[in-house]
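One-letter residues, chain by chain:
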Amino acid sequence: MPKYDIVVVGAGNAGMSAALQCQLLGLKTLLIEKHNLPGGAATSFVRGRFEIDPSLHELCDYGPADNPGDVRTMMADYGVKANFIEVGECFRCVSTYRDGTPMDVTMPAGIEAFIDKMEFYVPGSREKMTQLFDLFQEVLDGIAYITASRGNPDKAVLGTTYANMLKTGAYSTQEVFDALELPERCQDILSTYWSYLGVDMEHLAFIHYAAMVHKYTSRGAYILKHTSHELATAMVERFRELGGDVWFNCRAEEFLFRGEHCCGVRTNMGVVDCNYVLANINPDIIYGTMMPKELVPEREKKLSAARDRKIGGRMYTAYFCLDCTAEELGIHDYTIFLPGTADSPTEYDNIMKGMKYNNFSIFNCYNIANPECSPPGTCLCGFTTFGSPVDWNDLKQEDYFRFKEEGIDKLLANLKEKLGFDLSGHIEEIEICSPWTFARYLGVPEGGVYGYEPRDWDGMMARMQMIAYDYPIKGLRPIGAAGPRGDGYAASMICGRLMALNALLDLKKWKEEGGKA
Amino acid sequence: MAKLNVTISADPRIDMMKFATMAKVREEAIQAAPAKEVSGVFPINENAKALHPDYLDLVVDSIIDRGEAQAKTFVLRRKDGAPLPYFRAGQYISLKLPLEGSFVTRSYSLCCSPKAALEGKYAITVRANPGGFAADRLLAGLKVGDPVISSGPQGFFYYEKLRDAKHVVGLAGGSGITPFLSLAEAIRDGVENFSLTLLFGSRDEKNILFREELDEIARVCPKFKVVHVLSEEEKEGFEYGFITAELIKKYAPEGEEFSVYLCGPEAMYRFLKPEIEKLGLPERLFRRKLIDVTKTPWDCEGYPQEARGRSFTILVRQGPQEWTIPASADEPVLVAVERAGIKAPSRCRAGECGWCRSRLLSGTVFIPQDNEMRRWADVHYGYIHPCCSFPTSDLTLEVPGEFF
Ligand SMILES: Cc1cc2nc3c(=O)[nH]c(=O)nc-3n(C[C@H](O)[C@H](O)[C@H](O)COP(=O)(O)OP(=O)(O)OC[C@H]3O[C@@H](n4cnc5c(N)ncnc54)[C@H](O)[C@@H]3O)c2cc1C
Ligand code: FES
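Residues numbered from 1 in each chain as written. Chains lettered and ligands numbered in written order. Predicted model: local features only at pLDDT ≥ 70, side-chain atom pairs only at ≥ 80, totals over all residues. Heavy atoms only, no water.

Here the focus is the overall build of chain B. Regarding its fold elements, chain B presents ten helices and 19 strands. In terms of overall dimensions, chain B is more spread out than a globule: its C-alpha atoms have a radius of gyration of 27 Å, far above the 22 Å expected for 404 residues. Dimensions of chain B along its principal axes, counting C-alpha atoms only, are 95 × 55 × 50 Å. Burial analysis of chain B (404 residues in total) assigns 54% to the buried set. If you take every contact in chain B between residues at least 6 apart in sequence, the share linking residues at least 24 apart comes to 70%. Summed over its atoms, the accessible surface of chain B is roughly 17700 Å², and 50% of this surface lies on carbon and sulfur atoms. In chain B, 52 side chains carry a positive charge and 55 a negative one; their mean positions are 4 Å apart. (Helix = DSSP H or I, 4+ residues; strand = E, 2+ residues; numbered from the N terminus. Rg over C-alpha atoms; globule rule 2.2 N^0.38 Å. Buried < 20%, exposed > 50% of the residue type's maximum accessible area, 1.4 Å probe, protein only. Contact = heavy atoms within 4.5 Å. Areas by Shrake-Rupley, 256 points an atom, 1.4 Å probe, with all protein chains shown as cover. Lys, Arg positive; Asp, Glu negative; His and termini not counted. Charge placed at Lys NZ, Arg CZ, Asp CG, Glu CD.)

Right, let's get into unusual backbone geometry. The backbone of Glu181 of chain A shows a phi angle near 55°, a positive value even though the residue is not glycine. Tracing the backbone through its elements, the reader meets Glu181 of chain A in the loop between helix 7 (173–180) and helix 8 (184–190).

What follows deals with the sheet that holds strand 17 (residues 427–433) of chain A. Residue and element names in this part refer to chain A. One open sheet holds the seven strands; their spatial order is 7-6-14-15-16-13-17, and the pairing between them is mixed. Each edge of the open sheet is held by one strand with a lone partner, namely strand 7 (102–107) and strand 17. On average, adjacent strands in this sheet sit at an angle of 15° to one another, irrespective of strand direction. Sheet topology places strand 15 (residues 361–365) next to strand 16 (residues 379–386); four bridges connect them, and they run antiparallel. (Pairing = 2+ DSSP bridges. Axes fitted to C-alpha atoms, helices over the stretch in contact; angles between N-to-C directions.)

With that settled, the discussion passes to the packing of aromatic side chains. Applying the stated criterion to the full structure yields 39 aromatic pairs over all chains. Note on Phe360 of chain A and Phe386 of chain A: the rings are 5.8 Å apart at their centroids and 25° apart in plane angle, and the pair reads as stacked. One end of the pair, Phe360 of chain A, is in the loop between helix 14 (344–352) and strand 15; the other, Phe386 of chain A, is in strand 16, with 26 residues separating them in the sequence. Comparing Phe360 of chain A with Phe386 of chain A, the two get one shared label, buried. Between Tyr159 of chain B and Phe194 of chain B, the aromatic rings sit 3.9 Å apart at their centres with planes inclined by 10°, giving stacked as the arrangement. In this pair, Tyr159 of chain B is assigned in the loop between strand 6 (147–150) and strand 7 (167–173) and Phe194 of chain B in the loop between helix 5 (178–188) and strand 8 (195–202), connecting sequence segments 35 residues apart. A relative accessible area of 2% means that Phe194 of chain B is categorised as buried. An aromatic cluster of at least three residues, connected via ring pairs, comprises Tyr316, Trp392, Tyr400, Phe401, Phe403 and Trp436 of chain A together with Tyr86 of chain B. The ring of Tyr357 of chain A has Lys353 of chain A sitting right over it, with the charged end atom 4.9 Å from the ring centre. The residue whose ring lies beneath Arg357 of chain B is Phe248 of chain A, and the NZ or CZ to ring-centre distance is 5.6 Å. (Phe/Tyr/Trp six-rings, centres within 6.5 Å; stacked < 30°, edge-to-face > 60°. Lys NZ or Arg CZ within 6 Å of the ring centre and 35° of its normal.)

Let's shift gears to the packing of helix 3 (residues 111–121) of chain A against helix 4 (residues 126–148) of chain A. All names here are of chain A. In contact at an axis separation of 9 Å, helix 3 and helix 4 are set at 150° when each is read in the N-to-C sense. In terms of orientation, helix 3 and helix 4 fall into the roughly antiparallel class. In the packing of helix 3 onto helix 4, the handedness of the crossing is right-handed. Contact with helix 3, carried on its side by Ile111, Phe114, Ile115, Asp116, Met118 and Glu119, involves Arg126, Met129, Thr130 and Phe133 of helix 4 and no other residues of that element. When its residues are assigned to classes, the contact of helix 3 with helix 4 shows six nonpolar, one polar and three charged. (Parallel < 35°, antiparallel > 145°, perpendicular 65-115°, else oblique. Left-handed = near helix turned anticlockwise from the far one by under 90°. Nonpolar A, V, L, I, M, F, W, Y, C, P; charged D, E, K, R; others polar.)

Written out as structure tokens, the structure reads:
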């Protein structure tokens, strides 16, 4: 069995990115993945004559060539090539304003266009919206600065260059909106994006929200021409080209330690020795099931207890392969948000109360952004909502199939009622994925693909500032959506890269200390 | 960018110090929590594992000899009799069989009601297949109490309310009856709710598999009806000949949309394809069980005839291991891997499930069009499904690991 500098466990977005970065840094890297294909959530499946992307609606932070985002830059650095397609408009949202009037808005990409359209829906909002976007920009720059400083920013620079970020950074989005005196309807329209982070506006840090909305509006959103599996395969093949090894259907069962140093991984394909492990696995799973209990640091036990299983994004989705075109069904938008109301705390609570109360869904029609994603004369659509442990914890196997179908039936009825889209009589293939499905394929707790909720004290910026404290185990760092940058393709990839760089620093340090490596 | 002066600086609710204390606030929240042992066990994940195990360790509970139908039903259970993963009527399991130094997989439709799983039982029926490798060995060798390794339930040949018509016309031939028995029992048991009219082709009356079971379900369950179609015997009470478009129309519900499900041998599928086209059904109303990989790839369109009958060498890699093995152009790559005794994953053996997905590092293969169901990027980057890829040169192949 060869020995590796680094073993990356799990070829999710974070794992693939980490593996590429490690190999580029000249570390001998092994990437293992418990499934027989890479990507984690970034994957695809085939049903009949269709290939379906189960996760990606909108890749944040890719951007056009003349305004590249972090993901575009990262792919260029890694030498990964894939066919990215811009999605076009930001979203349509059909819901109810908090004042009770019906909402049906379509927001375009591009900051000016976004502000113009907001002025159209909420006359007189231009000035406040402009201020808000300026603030977004500053926040974004500030985060980039803090990321570059690896959690050690110069306080003086922060205080002068990023003063407004400092002012707003510790507050919830709702608090900042109120302080800015943003018109309520503007707030309602802007709140649409909350579900991408899984925390309602009262508990979601402004800084996190600001960064995301600014990136989507300024750089647009992207998808892959041939599903996320295209990107995952491109990343893995590039990693091989750089000299990395990839083992599929290889599952890490246990992390091995020499003293307090992680020094290997036991897998179904044997024991692999290494100097460092980057694990694309949720920390609760690692500490609870994959390493000796006595080696789990006190602080990590406390961190886990403080988070108290506040898992984000327990996905509940359905995919429809239809034997007619989007045009024939009257569908013209790529992403349509269909929350029960624009009041995000209420929506959040209803989701947590289970499908009986949950009125939230997102409807996508992939052909609008990517006309060739399905055979001529057909189209591909999908629903996304969230599951609650109330429904899925104690559900019996014999009720499972019917239960997951009934929830989607409800969303279909809602779609017909609110938008007049009637999919019945056109469904050629259908697949429904519940939190059980995501738990099965990703191994994430409760099928939650957003890691821990970036809620209140555990927001993204607070995590970023504490990177130096959050990884006390020598030679083992969890990476992924549960990490400092939170959920999403972009955040997970950035996290993977960041931790690869940290691993290199650790290895260098130990070498200098004459210890390990 | 012009520096803005956000008016919130004047807002008394905004405290500038708060940013500086963010990390402190977080640390306090963490320190206030108890240092209790982390549990990595989540009910949703446990449920998912129970429903989709890596493998099932089963034993043969009992055997029913089907006499002149030349088949045996094997009832399987766990050693301790605990419930088995629930399934959707029409799904199959893939057995992992250690036969003569090889590990081979064979899929069998579950031919029992999903309710049986709750009682800890699965039933499969194996029909004789003279000249085949596994079926006859199972029929001759498998005894009560023998261990059997199986996958969990698999496949997409099941009723889906949101997609299918309320009435299904089933077309079965030979051992293709097995999933329909499961569907019929599921309807009888109230697990499924649709009408099934089954046209079942057999050679002659004594050759009909599950005759009594099917007739009994039809007797007690008004939603299920079976029509026996005999190809070699003309007899009162039976249809004679082959299943045709005419016959389907004769028994299909009138003036009502219906779905057609087809499960039978390759020859039946080839015969029925044009017949079904005559019905003019949209694709969504026609479901068929997988088409087995052809035994005669050289009859397929596009086959490079010069490869036929040749012998090749495959360099197989699996993680840190490596083997050089012989292969025949006339057999799928998976068979060569199995013959060599290598444990590599596979399930459907028909190109559909993707379980066998492997990286072709060098060499060329032929893939019959009927079994080409790979993802776009897999085609683009050279991943193949060895179960339905025939070697047409020497190969270097990287196969995934296994879990048993
Ligand atoms: C329905 C849905 C819609 C989404 N929409 C979007 C969107 O529009 N935009 C966006 O940016 N994000 C979206 N996301 C979120 C995004 O996909 C995730 O946040 C992100 O991909 C998480 O990446 P990750 O690296 O943390 O891990 P994962 O994708 O969870 O990958 C972890 C990998 O590790 C492997 N693994 C786990 N345990 C082991 C082990 N013991 N041994 C070996 N391997 C192991 C797993 O098999 C998996 O491949 C969506 C997700 C879903 C499911
Ligand atoms: S075993 Fe299913 S695709 Fe090969």
